[in-house]
Amino acid sequence: ASPARAAAAPEVTARVWFPDNPSLEFVPGKPARAVVGVVNGGADAVNVTAALAALAHVATPGAPIFNFTAQGYRLAPVEPARGASVEYALMMPWNLPPHEFQLSVSVVLSKEGSYQVQGVFNETISVIEASKLVDLELLGLYAMMLAAAAAAAYGGLQVAQKQGWVKRPRKGGKAKAP
């Protein structure tokens, strides 16, 4: 028999925060630490069973494009009028483009054989590029612009020499002494 899906702990409040990413900006391929805080306002103890998260496009938040691994916990039950916090590690996919995404984090609570999935975070986050010491793409762009400018200058010099505006240098001759 499967456990009941009734409300395990409607009196429990939960909150999540990202101590390493308070501005909600994440870098692809880098781990992000989420801390899930749970406060039991009910009369019975509850267990924090697991935490899970999903990432979706902002335009379609109900259709996840990436599900993070659920992390299970074996904590002592959270007694009434007490709180507990658990850490949940998120590894942002390395191939995410810089863009805004919808991140939803949920916690699974259990009490006397019943389970409840409670959403604790459902907000827009920004995925940004990692800061680089040397930006090779920009360096390549500058090199291409410099090569184009040099080619234009050389072409302009050739035209000016053909028109007689600039004299051509003499070849192979030594300067005569006076």
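Residue numbering note: each chain is counted from 1, following its sequence as written. Restriction of local features to residues with pLDDT of at least 70 applies here, the model being predicted, together with a cutoff of 80 or more for giving and counting side-chain atom pairs; totals for whole chains, interfaces and linings are based on all residues. As a rule here, side-chain values cover all heavy atoms of the structure and leave hydrogens and water aside.

A. The environment of serine 114, seen in detail. Along the chain, serine 114 falls in strand E9 (residues 114-127). Whenever a nitrogen or oxygen atom comes within 3.5 Å of another N or O atom, the pair is scored as a polar contact, on the condition that within protein one atom can donate a hydrogen and the other can accept it, and that pairs from neighbouring residues in sequence are kept only if both atoms are in side chains. One polar contact links the side chain of serine 114 to the main-chain carbonyl oxygen of lysine 111, over a distance of 2.9 Å. In DSSP terms, a helix is any run of H or I states spanning at least four residues, a strand is any run of E spanning at least two, and both are numbered starting from the N terminus.

B. Seen up close, helix H1 (residues 136-163). Look at H1: 40 Å from first C-alpha to last across 28 residues, which is about the 40 Å you get at 1.5 Å a residue. After H1 finishes, the residue glycine 164 shows a positive phi value of roughly 85°. To estimate the expected span of a helix, subtract one from its residue number and multiply by 1.5 Å.

C. A look at the sheet that holds strand E7 (residues 83-91). Here, strands pair whenever DSSP counts at least two bridges between them. The sheet built from 3 strands is open, its strands ordered E1-E3-E7 with antiparallel pairing. The sheet is open, and its two edges are formed by strand E1 (12-17) and E7, each paired on a single side. Strand after strand, the sheet turns through a mean of 20° between neighbouring axes, direction not considered. Across 9 bridges, strand E3 (residues 31-40) lies against E7 in antiparallel orientation. Each bridged residue has a counterpart across the sheet, and for valine 36 the counterpart in E7 is valine 86. Angles run from 0 to 180 degrees between N-to-C directions of axes, and those axes are lines fitted to C-alpha atoms, restricted for helices to the stretch in contact.

D. Summary view of the pairing of E9. As defined by bridge partners, strand E2 (residues 25-26) adjoins E9 across 2 bridges and the pair is classed as parallel. Bridge pairing links glutamate 25 to serine 126 in E9. Between strand E8 (residues 99-111) and the antiparallel strand that follows it, E9, lie 2 residues; glutamate 112 among them carries a positive phi value of about 50°.

E. Local environment of the nonpolar core. Definition of nonpolar core: a set of buried residues of the types Ala, Val, Leu, Ile, Met, Phe, Trp, Tyr and Cys, connected through side-chain atoms within 4.5 Å. Classification of residues uses two cut-offs on accessible area relative to the type maximum, computed with a 1.4 Å probe and protein chains only: under 20% is buried, over 50% is exposed, and between them is partly exposed. Membership of the largest hydrophobic core comes to 31 residues, with the highest contact counts inside it found for Phe18, Tyr88, Leu90, Leu103 and Ile125. At the level of elements, E1, E3, strand E4 (47-57), E7, E8 and E9 are the ones that each hand at least two residues to this core. For this analysis, residues touch if any pair of their heavy atoms sits within 4.5 Å. Among all residues touching leucine 90, those that are not within four sequence positions of it are Phe18, Lys30, Pro31, Ala32, Ala34, Ala53, Phe68 and Leu103.

F. Broad picture of unusual backbone geometry. Although it is not a glycine, leucine 24 sits at a positive phi angle of roughly 60°. Along the chain, leucine 24 turns up in the loop between E1 and E2.

G. Region of interest: the packing of aromatic side chains. Classification of ring pairs uses Phe, Tyr and Trp, with its six-membered ring standing for Trp, and accepts pairs whose centres are within 6.5 Å; under 30 degrees between planes counts as stacked, over 60 as edge-to-face, and the remaining range as tilted. By the definition in use, this model includes 3 aromatic pairs. An angle of 85° between the planes, with centres 5.4 Å apart, marks the rings of phenylalanine 18 and phenylalanine 26 as edge-to-face. Of the two residues, phenylalanine 18 and phenylalanine 26, neither departs from the other in class, the shared state being buried. Ring centres of phenylalanine 18 and phenylalanine 121 lie 5.2 Å apart, and the angle between their planes is 75°; this geometry places the pair in the edge-to-face category. You can see phenylalanine 18 sitting in the loop between E1 and E2 and its partner phenylalanine 121 sitting in strand E9, a full 103 residues away along the chain. Like phenylalanine 121, phenylalanine 18 is buried. Counting every residue linked through ring pairs, the aromatic cluster contains Phe18, Phe26 and Phe121.

H. Molecular detail of the pattern of salt bridges. Definition used for salt bridges: Asp or Glu carboxyl oxygen within 4 Å of a side-chain nitrogen of Lys or Arg. Summed over all chains, the structure comprises 3 salt bridges. The residue arginine 33 makes a salt bridge to aspartate 20 at a minimum N-O spacing of 3.1 Å. In this pair, arginine 33 is assigned in strand E3 and aspartate 20 in the loop between E1 and E2, connecting sequence segments 13 residues apart. Residue aspartate 20 is classed as partly exposed on the basis of its relative accessible area, which comes to 48%. Across the pair glutamate 87 and arginine 33 runs a salt bridge whose closest N-O atoms are separated by 3.3 Å. In this pair, glutamate 87 is assigned in strand E7 and arginine 33 in strand E3, connecting sequence segments 54 residues apart. Owing to a relative accessible area of 29%, arginine 33 belongs among the partly exposed residues under this scheme. It is possible to trace a salt-bridge network through shared partners that takes in Asp20, Arg33 and Glu87.

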